[in-house]
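Chain residues, written in single-letter form:
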Amino acid sequence: MITPPTDERLVVVDGVRKTYMRGATEVPVLHGVDTHLNRGEFVSLIGPSGSGKSTLLNLIAGLDRPTQGSITIDGQKISHMDESPLARWRSTNVGFIFQFYHLIPVLTAYENVELPLLLYNLSAKRRREQVLNALELVGLSHRLTHRPGHMSGGEQQRVGIARALVTDPVLIVADEPTGDLDGHTSEEILDLLGAVHEDMKKTILLVTHDPAAASRAGRLIRLDSGHIVAGAANTLEEAFPGWSGATYESAH
Ligand SMILES: Nc1ncnc2c1ncn2[C@@H]1O[C@H](COP(=O)(O)OP(=O)(O)OP(=O)(O)O)[C@@H](O)[C@H]1O
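Just so it is clear, the structure is predicted and the values come from calculations on it, not from any experiment. (Residues numbered from 1 in each chain as written. Predicted model: local features only at pLDDT ≥ 70, side-chain atom pairs only at ≥ 80, totals over all residues.)

J.: Where do I start with the site of the ligand in this structure?
T.: What surrounds the ligand is the set Tyr20, Arg22, Val27, Val29, Gly47, Ser49, Gly50, Ser51, Gly52, Lys53, Ser54 and Thr55. Listed by contribution, the elements that provide at least two residues to the shell around the ligand are strand S1 (9–22), strand S2 (25–38) and helix H1 (53–60). With three residues, the single largest contributor to the shell around the ligand is H1. A per-class count over the shell around the ligand returns three nonpolar, seven polar and two charged. (Near = placed C-beta within 6 Å. Helix = DSSP H or I, 4+ residues; strand = E, 2+ residues; numbered from the N terminus. Nonpolar A, V, L, I, M, F, W, Y, C, P; charged D, E, K, R; others polar.)

Rendered as structure tokens:
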């Protein structure tokens, strides 16, 4: 596929194949994926269990490299970077939100959010401003000294979102961010992600099984057995038959 060099495209995935090795056995997972994310887009990556969603998310976030093909983010071909420049690139360009939060239990909310900034050469004052700002954005200014074990799941995920935002990354990736939360708390977290997209103009890639979460995105990318599902079948109604939630308007 020839990808037009348009600045509108923040993420370009071109002919990506991913094969894992299980012992001596090859496990092909992605079979030539071509896709993109526009700047400022909120995209949901959906598909059956085992279809390769987390694999693709991890490749786009620079946590792993494709077996074949290329991934370009904001003009940088990350698929061909060596491990240590890739780690540096990741820490400045991508904010991660995980299903089980991945907070450090012995650190306070403030310290968890501060962690990614310790890699930067910032003054203590500037660092403090950024941490307080991120925690305020997620509505947790009153929980600065709480440790994860003393916070609810929803509060912990808010800390996770503040940590993802604190470095002001170009791309936010979220892998099942509401998978461990009850319905009401999920809605609150999805509202917060929506605000991160609308108000902060962040580009978000959200992996989810949940149609209510997927419906918050402007566009769906649907995977099936390591292939992108094309065109008309790429809708909430097709992906989640019988789902009767909010009306989904495709932004293709
Ligand atoms: N590190 C690995 N080594 C070997 N196989 C792997 C590895 N990571 C993932 N796989 C396999 O790749 C396939 C796709 O996994 P992946 O986690 O990307 O799917 P998914 O669509 O995110 O699934 P789910 O919705 O269940 O999380 C699965 O068959 C999985 O077992």
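J.: Got a minute to help me understand H1 in this structure?
T.: The periodicity of an α-helix, 3.6 residues per turn, causes residues three or four places apart in sequence to face the same way. Counted residue by residue, H1 has six buried out of eight residues, so it is predominantly covered. Within H1, the full set of buried residues consists of Lys53, Thr55, Leu56, Leu57, Leu59 and Ile60. (Buried ≥ 20, exposed ≤ 12 C-beta atoms within 10 Å, placed from the backbone.)

J.: Please explain the nonpolar core as it appears in this structure.
T.: The nonpolar side chains of soluble globular proteins are, as a tendency, buried together. Judged by nonpolar contacts, the single largest core of 59 residues is most densely connected at Leu45, Ile60, Ala162, Val173 and Leu205. Sort the elements by how many residues they give to this core and helix H5 (residues 153–165) lands first, with five residues. Setting aside residues up to four positions removed in sequence, alanine 162 forms contacts with Val113, Ala134, Leu135, Leu137, Val138 and Leu140. (Core = buried A, V, L, I, M, F, W, Y, C linked by C-beta atoms within 7 Å. Contact = placed C-beta atoms within 7 Å.)

J.: Hey, could you run me through the pairing of strand S7 (residues 171–175) in this one?
T.: Along a regular strand, successive side chains alternate from one face of the sheet to the other. Of all five residues in S7, five are buried; the element is thus mostly enclosed. Burial along S7 is two-sided: Leu171, Val173 and Asp175 facing one way and Ile172 and Ala174 facing the other are all buried. Examined bridge by bridge, strand S6 (residues 94–97) and S7 share four bridges and lie parallel to one another. Within S7, the residue paired with isoleucine 97 across the bridge is alanine 174. The pairing of S7 with strand S8 (residues 203–207) spans five bridges and is classified as parallel. In the sheet register, leucine 171 faces S8, and the bridge partner there is threonine 203. (Pairing = 2+ DSSP bridges.)

J.: Is there a simple way to think about the sheet that holds strand S10 (residues 227–229) in this case?
T.: Adjacent strands of a sheet form backbone hydrogen bonds with each other and so pair up, either parallel or antiparallel. The mixed open sheet is built from six strands, whose spatial order is S6-S7-S8-S3-S9-S10. Looking at which strands have only one partner, the edges of the open sheet turn out to be S6 and S10. With direction set aside, neighbouring strand axes in the sheet form an average angle of 25 degrees. Taken together, the three bridges between strand S9 (residues 219–224) and S10 define a ladder with antiparallel strand orientation. When the bridges of S10 are listed, aspartate 224 appears paired with histidine 227. Relative to S8, H1 is tilted by about 155 degrees, and along the sheet it contacts strand S3 (42–46), S7, S8 and S9. Against the sheet, H5 contacts S6 and S7, and its axis sits at roughly 170 degrees relative to S6. (Axes fitted to C-alpha atoms, helices over the stretch in contact; angles between N-to-C directions.)

J.: Just to check I follow, could you spell out the pairing of S3 for this structure?
T.: Counting buried residues in S3 gives five out of five residues, a clear majority hidden from the surface. Residues Phe42, Ser44 and Ile46 line one face of S3 and the alternating positions Val43 and Leu45 line the opposite face, and both faces are buried. Sheet topology note: the S3/S8 ladder contains four bridges and is parallel. Across the sheet, residue valine 43 finds its bridge partner in S8, namely leucine 205.

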